[in-house]
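Inside the fold
Single-letter residue listing:
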Amino acid sequence: MHKPVKKAVFPVAGLGTRFLPATKAMPKEMLPIIDKPLIHYAVEEAKAAGIEQFFFVTSRQKSAIDDHFDRAIELEAALRERGKTELLEELEAHMPEPGQIAYTRQQTPLGLGHAVWCARSLVGNEPFAVLLADDLMMCEPPCLAQMVDAYGEAGGNLVAVMEVPREHTQRYGVLDVVAEDGGLVKAKGVVEKPKPADAPSNLTIVGRYIIQPEVFAHLDRAEKGSGGEIQLTDALQLLIKEGQAFHGLRFRGKRFDCGDKLGYLEATIALGLRHPDLGEGLRALLRTYLWEADGK
């Protein structure tokens, strides 16, 4: 029986330079897809997987994230006065319970491993999930829920994985695969951003992890890896060497890289087409614009 995963870390300290000037005064995690910010989707996914405590690793100018998951007394009063009960109920539905959320600062941007390490006192000695809000997952059941189910079977450390063209391996952590059993992939190693010629496979990690707390002992060393940063992948590799199980899950669904402008647009279109109120109208708009773009 594996210890259940009830805590999640959200590294949200990044500057979001690829979306400047939009992110000059607004956290990139607050960029909206239809009517909800990216971080909202990630928290919803965590809730659906049974997560009960949500830890945000922030930095300066990220107060909008704090405010998003707090009460907005004036707004709620105005909605109530105007009889907009559906909107009021929607706002209240995403509110966490008191004490479920905590924040800590990553004062210096030293990499994903360092961001996760900053949450060590909040996590304690329990397995935990890590969700990167840049990766928006359109899955049913939700991606992290699929991972929690797989973790119940496999234990150890577990990551969401997908195949990429080999020339793209230097953008990701890459698994050294031993065996596959359905969607569960056993790995004997993981390498951060290898050159295509050096990559052990083209099966790469995307922004969902379930990690054992022993990872913090390795992150404590603050050893820099690829890009001169403290890499989470390097610490996971050390856990493998110590004998901890490491698996990748080929999740069922679609991942959108919303840290990339084209990926962000794709996510907006994909979720917009599925939206019950907007889908039909968006489909008609897209047909019109494609018709015009083709010179028809």
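Please refer to the structure higher up on the page.
Residues numbered from 1 in each chain as written. Predicted model: local features only at pLDDT ≥ 70, side-chain atom pairs only at ≥ 80, totals over all residues. Heavy atoms only, no water.

Overview of the overall build of the chain
- Per the secondary structure count, the chain includes 11 helices and 13 strands.
- The C-alpha radius of gyration computed for the chain amounts to 20 Å, which stays within 12% of the reference 19 Å derived for 296 residues, consistent with globular compactness.
- Along the first, second and third principal axes, the C-alpha atoms of the chain reach 60 × 55 × 40 Å.
- Across the chain, the fraction of contacts at a sequence separation of at least 24, relative to all contacts at a separation of at least 6, is 75%. (Helix = DSSP H or I, 4+ residues; strand = E, 2+ residues; numbered from the N terminus. Rg over C-alpha atoms; globule rule 2.2 N^0.38 Å. Contact = heavy atoms within 4.5 Å.)

Some thoughts on unusual backbone geometry
- The peptide bond linking Leu20 to Pro21 adopts the cis configuration, its omega dihedral lying at 5°.
- On the secondary structure map, Pro21 appears in the loop between β1 (7–11) and β2 (32–33).
- You will see that Ile34, though not glycine, has its phi angle at about 65°, which is positive.
- Position of Ile34 relative to the elements: it lies in the loop between β2 and β3 (36–37).
- A positive phi angle, near 65°, is found at Gln61, a position not held by glycine.
- Along the polypeptide, Gln61 turns up in the loop between β4 (53–58) and α2 (63–68).
- Residue classification places Gln61 among the exposed residues on the basis of a relative accessible area of 56%. (Buried < 20%, exposed > 50% of the residue type's maximum accessible area, 1.4 Å probe, protein only.)

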